[in-house]
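Now for the letters of each chain:
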Amino acid sequence: MKEIDIPYCLPLIGDEEISEVVGALKSNWLTMGPKTIEFEGLISEYTGAKHTIAVNSCTAALHLSLIAHGIGKGDEVITTPFTFAATGNTIVHTGARPVFVDIKKDTYNIDPDKILEAITSKTKAIMPVHYAGQPCDMKSIMEIADDYNLIVIEDAAHAIGAEYNGKKIGCFGDATCFSFYATKNMTTGEGGAITTDNDKMADKLRVLRLHGISKDAWKRYSNQGSWFYQIEECGWKYNMTDIQAAIGIHQIKKLDDFSKVRREYAHIYTNEFSQIDDLVIPYEKQDVKHVYHLYPLLLKNYTRTKFIEKMAEKKIGCSVHFIPLHLHPYYKNAFGFKEGDFPNTEWVYEREVSLPLYPMMKYDDIEFVIKAIKNILQHIDP
Ligand SMILES: *Cc1c(COP(=O)(O)O)cnc(C)c1O
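Residues numbered from 1 in each chain as written. Predicted model: local features only at pLDDT ≥ 70, side-chain atom pairs only at ≥ 80, totals over all residues. Heavy atoms only, no water.

Draft legend 1. Molecular detail of the pairing of strand β9 (residues 192-196). Taking burial as the measure, the five residues of β9 include five buried ones, the bulk of the element. In terms of strand pairing, strand β1 (residues 51-55) meets β9 through five bridges, oriented antiparallel. Directly across from I53, in β9, lies its bridge partner I194. Here strand β8 (residues 175-179) runs beside β9; their pairing, made up of four bridges, is antiparallel. Bridge pairing in β9 places T176 opposite T195. (Buried < 20%, exposed > 50% of the residue type's maximum accessible area, 1.4 Å probe, protein only. Helix = DSSP H or I, 4+ residues; strand = E, 2+ residues; numbered from the N terminus. Pairing = 2+ DSSP bridges.)

Written out as structure tokens, the structure reads:
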């Protein structure tokens, strides 16, 4: 296998992040502390949400949000099968049943009409996923939630910086969960955060992320702290560390620049690919700011596996997002899902390939990818 010239993804870490991490290491305070608190403040300011609770992953953020809203055994949570393991698995971890509904064929986001059809007396929450960085139809989703008294927990792993009707993702649902995993639009290596406007929920989430012990327990080894603590609930060990937050403090300040580059490159791809019959380009809604965590291109006729192999021969990395949850062995066995259950999701999945798209890429790299794809589709192979 030849070495890849244009990997599928690369993070963009600057000197600011590096010196802040060194600062954290030299400060003698490695775990959750002042830098985590500073990072949370920056996320709140950026998203416009009242509270931010930083955790060690988006998976932890989703799990904690479900638990804090009392979701558990006997409950149903409606979400999309066109997502990563974390969305479905965290629902299962609470004891609730994941109820999948199909996506729309234009945005690849959850279809609000299908949410309505799936509501039962056991439905407690909706977990919309802002696929690829394009916000879901939040107006319809929030209306349904109001009508049926449902909790909305957003999986915004792809969508930090995205906007719906001019407002940032982070303050629509009851809780919004972000990911700072290495490949996401901004990173802390591993990490996540929950934003919420609800004061009581924020307090509960802060307690639950650290074993359920009293709110400022993280201070107990500092001179402001005390040795005394109480376990109020049986919580989890989900806190962020100051080493991670040190990276995040600078990433969040650069996020708008990152998003600008992602959008610009995505538009270059779209301009070029819209002229090729064999491709379906991603649809961008007018009432949103799409932050293109992914550039999902659909192949109408060309075999996807062959396409990815050809791209690898040209030293370009690609990926696929996502293998639908209902087609994985665990979900088939545990819940009886089968092929054909969600036709739109399967239709998109079978044709989808995610192209390299990240701020570390140069214009030349984008041109290189475009040329490679044109050659592959026209069978002009070197
Ligand atoms: C990456 C991702 C997650 C999980 O994020 P982690 O921070 O790795 O836990 C959840 N949902 C979606 C849609 C993702 O792509």
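Draft legend 2. Expanded view of the site of the ligand. Of all residues adjacent to the ligand, which total 16 residues, the nearest are T59, D155, H158, S179 and K184. Taking D155, its side chain carries an N or O atom lying 2.7 Å from a nitrogen atom of the ligand. A distance of 3.2 Å separates an oxygen atom of the ligand from a polar atom in the side chain of K184. Against a free-state accessible area of 390 Å², the protein chains account for coverage of 92% of the ligand. In a pocket analysis with a 2 Å cut-off to the grid points, the ligand is assigned to the largest pocket. Breaking the shell around the ligand down by element, the ones donating at least two residues are α3 (58-68) and α4 (85-94). For the shell around the ligand, the class distribution of residues is seven nonpolar, seven polar and two charged. (Near = heavy atom within 4 Å. Polar contact = N/O pair within 3.5 Å; in protein donor to acceptor, adjacent residues only side chain to side chain. Areas by Shrake-Rupley, 256 points an atom, 1.4 Å probe, with all protein chains shown as cover. 1 Å grid on protein atoms, 1.4 Å probe; cavity = no way out; pocket = protein on both sides within 12 Å on 5 of 7 lines; lining within 4 Å. Sits in = over half its atoms within 2 Å of the grid points. Nonpolar A, V, L, I, M, F, W, Y, C, P; charged D, E, K, R; others polar.)

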